[in-house]
Amino acid sequence: MKSKKRVLLGMSGGTDSSVAAMLLQEAGYEVAGVTFRFYDSEGFEESLDDARNLASRLNIPHIIYDARELFRERIIRYFIDEYLSARTPVPCTLCNNELKWPLLAKIADEMGIYWISTGHYVRKVFQDNHYFIAPAADRDKDQTFFLWGLKQDILERMILPMGDWTKDEVRTYAAGRGFERAATKKDSLGVCFCPMDYRSFLQREVPQELLPGKGRFLDESGTFLGWHEGYPFYTIGQRRGLGIYMNRAVFVKEIRKASNEVILAPLASLYKKEMLLKDWNIVDTSRLLNSPNVIVKIRYRKQANYCTVGITAENLLHVQLHELLESIASGQAAAFYDEDGLLLGGGIII
Ligand SMILES: Nc1ncnc2c1ncn2[C@@H]1O[C@H](COP(=O)(O)OP(=O)(O)OP(=O)(O)O)[C@@H](O)[C@H]1O
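Residues numbered from 1 in each chain as written. Predicted model: local features only at pLDDT ≥ 70, side-chain atom pairs only at ≥ 80, totals over all residues.

Got a minute to help me understand the environment of Lys 151 in this structure?
If you trace the backbone, Lys 151 turns up in the loop between strand 6 (130–135) and helix 5 (152–155). For Lys 151, a count of 14 C-beta atoms within 10 Å corresponds to the partly exposed category. In sequence terms Lys 151 and Thr 93 are 58 residues apart; their C-alpha atoms lie 14 Å from each other. (Helix = DSSP H or I, 4+ residues; strand = E, 2+ residues; numbered from the N terminus. Buried ≥ 20, exposed ≤ 12 C-beta atoms within 10 Å, placed from the backbone.)

See the structure below:
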C-alpha cells in the first residue's frame, strides 16, 4: 500500500491547499482531493465549488466527506461546553489533532493511499528515529502550534508542500500559473465556525436557561466590584470589554463556575510559575522530559518561555516555568519546542 506516488490532499478551496495541489503534481505525485464538510455555512458551497473547479482543472479526482456530525460533537459541542465549564477551549488544535489529520489518514487508507497532505505552513524533519513538525519558512504563517498532538503514525505519512514557501510566493505562484482566484482568496482567520465574537456565538447557540445570567465581579479579597453578564462570557487574562469602570487596570484572574463569580485583579496577580497538563502528547521523551532547554508557548502568536517538564504520579505533565507567565487559562493548550523550533509535544492546561 505504500505507493510512493499517490497522495490524498485536504482541499479547502483556499489558496494554500490549491497551491499545495499544484506543487504535489509538479513533484510527481498522483493527487486525490477531499473536501470536508465540517459545518453548515453560507460560504461552504463557494469553497466547495472552488475546490471542485481546481480539481477539475488539474485533473484531480475529488470527493466530499460529510464530517458535520463528528465536528458538531467533537468540536462545536466541546467549544461550548468548555466555556460553560469556565475553561478556554482550543478548537483548532483539537480539530487538527483529532479530526482533520486522522480523517485524512482514514480516508487515504480506504483509498489505498499512503501519503496525506494539507496546505499547512509547517515542515517535517526526521531525526533520531522520530518525525518532528518544524517551523515553516514563513514564520508569520507558521502553524506548528496547532499540531502538537499528532503521533508518529500520522507524522510519517505527512507531506507538507507549503513548508518552504512564504504566503507572498504562494500567491505569486498561483497567479503565474493562471489561477487568479486561488491567488487572491482571503486568508482564513480565527475559529472557522465562529466568525463572530465567541460571546455572541454562545448567546446564539446556548439555550437561555443554560446560561448562568448576571453574576458578581469581585476583587481578590472578595469585595463586590460590580455585575457581569455571566461567567462564560469572560476569559482568564481579559482586560477589555469587562463593562466595568475602575480607576486602575484590572484583568480576569479567576472564574468561579459554581458561584458565577469572576475575580478581577491587577496584572501582577495573574503570573504563575508552573502548570499541569492533561491529554498530552510527547514526540520524543528524551528531548522533552527534564531537559533544560525546552521552550513552551501557550498562545499562537505570543511569547515563548523556557521551562522544565516532568511527569507526575497522576500521569500529568508538570511544567516548571523558568520565568513567570501571565494569563494561564485551563483548557488552553501548551506546546513544547526545542531551541531549533522542533515541536516536542504539548498538552491541555488544567
Ligand atoms: N474543509 C476542508 N476540507 C479539506 N481540507 C481542509 C479543509 N479545511 C482546511 N483543510 C486543510 O487544512 C489546511 C489548513 O487549514 P487552515 O484553515 O488552517 O488554513 P488556510 O491557510 O486557510 O488554508 P487554505 O488556504 O488551504 O484554505 C488547508 O490548507 C487544507 O489543506
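Here the narrative resumes.
Help me out: how do you make sense of the site of the ligand in this one?
The environment of the ligand is made up of 16 residues, and the closest members are Gly 10, Gly 14, Ser 17, Thr 118 and Gly 119. For the shell around the ligand, the secondary-structure elements that each account for two or more residues are helix 1 (15–26) and strand 2 (30–37). A class-by-class count of the residues in the shell around the ligand yields four nonpolar, ten polar and two charged. (Near = placed C-beta within 6 Å. Nonpolar A, V, L, I, M, F, W, Y, C, P; charged D, E, K, R; others polar.)

When you look at the domain arrangement of the chain in this model, what are you seeing that I'm missing?
Where the parts come together, the accessible area they lose is often given as the size of the interface. Considered domain by domain, the chain is made up of domain 1 (6–184), domain 2 (213–265) and domain 3 (271–349). Of note, the centres of domain 2 and domain 3, computed from C-alpha atoms alone, are 28 Å apart. (Domains from an automatic or database assignment.)

Mind showing me how you'd approach the sheet that holds strand 17 (residues 343–349) here?
The strands that make up a sheet pair up through hydrogen bonds in the backbone, lying either parallel or antiparallel. Spatially, six strands are ordered 12-15-14-13-16-17 in a closed barrel, and the strand pairing comes out antiparallel. In this sheet, neighbouring strand axes are inclined to one another by 40° on average, regardless of whether the strands run parallel or antiparallel. When strand 13 (residues 294–297) meets strand 16 (residues 333–337), the two strands line up antiparallel, connected through three bridges. Paired with Lys 297 across the two strands is Ala 335, which belongs to strand 16. (Pairing = 2+ DSSP bridges. Axes fitted to C-alpha atoms, helices over the stretch in contact; angles between N-to-C directions.)

Is there a simple way to explain helix 4 (residues 91–110) in this structure?
In an α-helix there are 3.6 residues to a turn, and that puts residues three or four apart on one side. Between its terminal C-alpha atoms helix 4 stretches 27 Å, which fits the 28 Å expected from 20 residues at 1.5 Å a residue. Of all the bends in helix 4, the greatest, near 30°, is centred on Asn 97. Once helix 4 ends, the next one or two residues include Gly 112, with phi positive near 70°. (Expected span 1.5 Å × (residues − 1). Bend = angle between axes of the 7 residues up to and from the residue.)

Could you clarify how one ought to interpret the environment of Arg 6 in this entry?
Its place among the elements puts Arg 6 in strand 1 (residues 6–10). On the neighbour-count criterion, Arg 6 (17 C-beta atoms within 10 Å) is partly exposed. In this structure, the C-alpha to C-alpha distance between Arg 6 and Gln 25, residues 19 residues apart in sequence, is 9.9 Å. Residues within four places of Arg 6 in sequence aside, it is in contact with Tyr 29, Glu 30, Ile 113, Tyr 114 and Trp 115. (Contact = placed C-beta atoms within 7 Å.)

I keep staring at the pairing of strand 8 (residues 215–218) and nothing clicks. Help me out?
The two faces of a sheet get side chains in turn, since along a regular strand they alternate between them. Inspection of the sheet shows strand 8 paired to strand 9 (residues 224–228) by four bridges, in the antiparallel sense. Bridge pairing in strand 9 places Leu 218 opposite Phe 224. Counting the residues between successive antiparallel strands, the hairpin from strand 8 to strand 9 contains five residues, one of them, Gly 222, with a positive phi of roughly 95°. Relative to strand 11 (residues 261–265), strand 8 is paired through three bridges, and the arrangement is parallel. Opposite Phe 217, over in strand 11, you have Val 262 as the bridge partner.

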